[in-house]
Amino acid sequence: MIISPRHTQKIAFSLLSLCTVLVIAPVFVIIALIVIRGGPGISWEFLTAMPRMGMKAGGIFPAIVGTLYLVSVTMLFAIPFGVLAAVYLVEYARDHALKRFVEVAIVNLAGVPSIVFGLFGLGLFVVFLKMGTSILAGALTLAIMTLPVIITSTKEALSTVPRSFREVSLSLGATGWQTIRHAVLPNALPGILTGIVLGLSRAAGETAPVLFTVAAFYLPRLPHSFFDQVMVLPYHLYVLSTQVPNVKPEVQYGTALVLVGMVLILNLFAVIIRARFRRRKQW
Amino acid sequence: MKIKVEDLHVYYGSIHALKGISMEIRRNEILGAIGPANSGKTSFLRTLNRLNDLELHVRMEGQVLMDGEDIQKINVSLLRKRIGMVFALPLPLPLSIFDNVAYGPRMHGIHKKKELADIVEKSLKASYLWEEVKDRLSSSAFKLSGGQQQRLCIARTLAVEPEVILFDEPCSGLDPISTAKVEEAMLELKEKYTLVLVTNNTKQAARVSDRVAFFLMGELVEVDGTSKIFTNPRDNRTGEYITGRFG
């Protein structure tokens, strides 16, 4: 049987739209499920109180604070190292074997499973450097995991700045660093910020890297220093789902909702930054 | 004599872009550089302010002397402050009109508001743009027309007070009226600066240059007074190029 081109066109079109819908469907189903089942669990007390009764009741305040604390310290390490490394690779490094090796290493770093980062962090920071299970050890582990995201997006942002900006700046007698500082970085900033936010949201949601390096099973108080353990949302969710019997579903799903909400808000920021950048970009 | 070029060779990897150029550029003259595409005239220009240094695998032989000093031995930022450049396309930075002109002086350590304002006004007047933009210095440079942008770029170059200004086909994207304004500015600038003008438009070279250099396939065929080049060139190829028989 010969199918007319008009029909193949229709069939192909339907198939393609079906695939698109199938791709986004899980996202909506997950969010809907979490909102429906977790929504009733959200209350002021849930967000601001300590957990009680073996985490079956009360709130998740320490886990929220712990996650924010951990992510902030992570960024303290990841942003300067990531951005400066990218600036070096794009603006300074000449094209030689070492540079290519570093770039390949960064790409590979992005592909390492997160549990491996967790074990690495345990071995290096917790045990060898004697930091113990602490915010510092966890943040450093997460920072290493986030670095490839930040480096890659910063590199991309830097290379979208037209070469002519650099030439103009240099031709006016600006030094290399002045050129980067005044002609390149300001124009790459929105792209860099987007990358940072994406890295941040990834760090906020990871369980495996924090498992051995920072996460506390049950610790109903707020951290005092870098060397404290903290509860963090992803790990807390894991504990509620598998380690504690008879937890009410709205507590589990409520925790998931808070975590997803935090990550989505961060991603929304990235989208807004990018949109404003597009509007301003005129070259 | 402002600049003396001695047996200059430039290679990009295996490409021999300039083949033994020797010439002089005189103080307060407009030297036109003409020649077909890939003749080396832009490479020549970018060697003078060492913008060629940015290219990969670039190699240079011979010497370029400015006021008797080897440009390879001058600090590159200071060299580029003394030898300014106006590019083929108007390339404003994504800043306001004021900040575009003030960019260079700021990089050289001038931060006083009054001083910067004076420099900006003086530079914009010298490039014949002041009257058109004086009421909107804080608006984006991208809002200007192409011709205005190019005159803004000239003002930006003037603001760092160079001694030599290199023009790399500055009118290639401009309409005739804007071109006339840029040319008018160049003739005025000659009083204070030494100008090198690379152009694909031989008529433009004839209109504004004092002397003209003809480049062909990386060689300098000849350099002579403008009227001599256009009426009675020494080399056949120069005459053929000018009358449009090739190139």
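Residues numbered from 1 in each chain as written. Chains lettered and ligands numbered in written order. Predicted model: local features only at pLDDT ≥ 70, side-chain atom pairs only at ≥ 80, totals over all residues. Heavy atoms only, no water.

Time to look at a nonpolar patch on the surface. Residues and elements named next belong to chain A. A contiguous nonpolar patch, built from Val23, Ile24, Val27, Phe28, Ile30, Ile31, Val35 and Leu264 and spanning about 710 Å² of accessible area, is present on the exposed surface. A per-element tally of the nonpolar patch places helix α1 (residues 5-38) first, with seven residues. Relative to the assigned elements, phenylalanine 28 resides in helix α1. (Patch = residues over 30% accessible without salt bridge, like charges linked within 9 Å, V, L, I, M, F, W, Y side chains within 5 Å. Areas by Shrake-Rupley, 256 points an atom, 1.4 Å probe, with all protein chains shown as cover. Salt bridge = Lys/Arg side-chain N within 4 Å of Asp/Glu carboxyl O. Helix = DSSP H or I, 4+ residues; strand = E, 2+ residues; numbered from the N terminus.)

Listed per partner, the contact involves 27 residues of chain B and 20 residues of chain A. Around 1900 Å² of area is buried between chain B and chain A when both sides are counted, 62% of it from carbon and sulfur atoms. Remark: the boundary between chain B and chain A carries two salt bridges. In this structure, the salt-bridge partner of arginine 163 of chain A is glutamate 55 of chain B, at a minimum N-O distance of 3.0 Å. For the pair chain B and chain A, the number of links is five residue pairs in polar contact (both at pLDDT 80 or more). Among the elements of the structure, α2 (76-82), β6 (83-86), α3 (97-107) and α6 (146-158) of chain B are those that each provide at least two residues to the side of chain B that touches chain A. Taken together, the residues that form the side of chain B that touches chain A break down as 14 nonpolar, seven polar and six charged. (Contact = heavy atoms within 4.5 Å. Buried area = accessible area lost by both parts, 1.4 Å probe. Polar contact = N/O pair within 3.5 Å; in protein donor to acceptor, adjacent residues only side chain to side chain. Nonpolar A, V, L, I, M, F, W, Y, C, P; charged D, E, K, R; others polar.)

As a further point, take the environment of threonine 133 of chain A. All names here are of chain A. Within the fold, threonine 133 resides in the loop between α5 (114-128) and α6 (135-160). The class of threonine 133 is partly exposed, set by a relative accessible area of 28%. Note: C-alpha distance between threonine 133 and valine 230 (97 residues apart in sequence) is 9.2 Å. Those residues in contact with threonine 133, other than ones at most four positions away along the chain, are Val126, Phe212, Thr213, Val214, Phe227, Asp228 and Gln229. (Buried < 20%, exposed > 50% of the residue type's maximum accessible area, 1.4 Å probe, protein only.)

Another aspect to go through is the packing of aromatic side chains. Two descriptors summarise a pair of aromatic rings, namely the distance from one centre to the other and the angle between the planes of the rings. Enumeration over the complete set of coordinates arrives at five aromatic pairs over all chains. Each ring, one from phenylalanine 120 of chain A and one from phenylalanine 125 of chain A, has its centre 6.3 Å from the other, and the planes form 80 degrees; the classification is edge-to-face. Judged by relative accessible area, phenylalanine 125 of chain A falls into the buried class, the value being 7%. Aromatic side chains phenylalanine 44 of chain B and phenylalanine 215 of chain B sit 5.3 Å apart centroid to centroid with 45 degrees between the ring planes, which places their arrangement in the tilted category. In this pair, phenylalanine 44 of chain B sits in helix α1 (residues 41-48) while phenylalanine 215 of chain B sits in strand β9 (residues 211-216), placing the two residues 171 residues apart along the sequence. When sorted by exposure, phenylalanine 44 of chain B lands in the same class as phenylalanine 215 of chain B, which is buried. Of note, arginine 59 of chain B hangs over the ring of tyrosine 11 of chain B, and the distance from its end group to the ring centre comes to 4.2 Å. (Phe/Tyr/Trp six-rings, centres within 6.5 Å; stacked < 30°, edge-to-face > 60°. Lys NZ or Arg CZ within 6 Å of the ring centre and 35° of its normal.)

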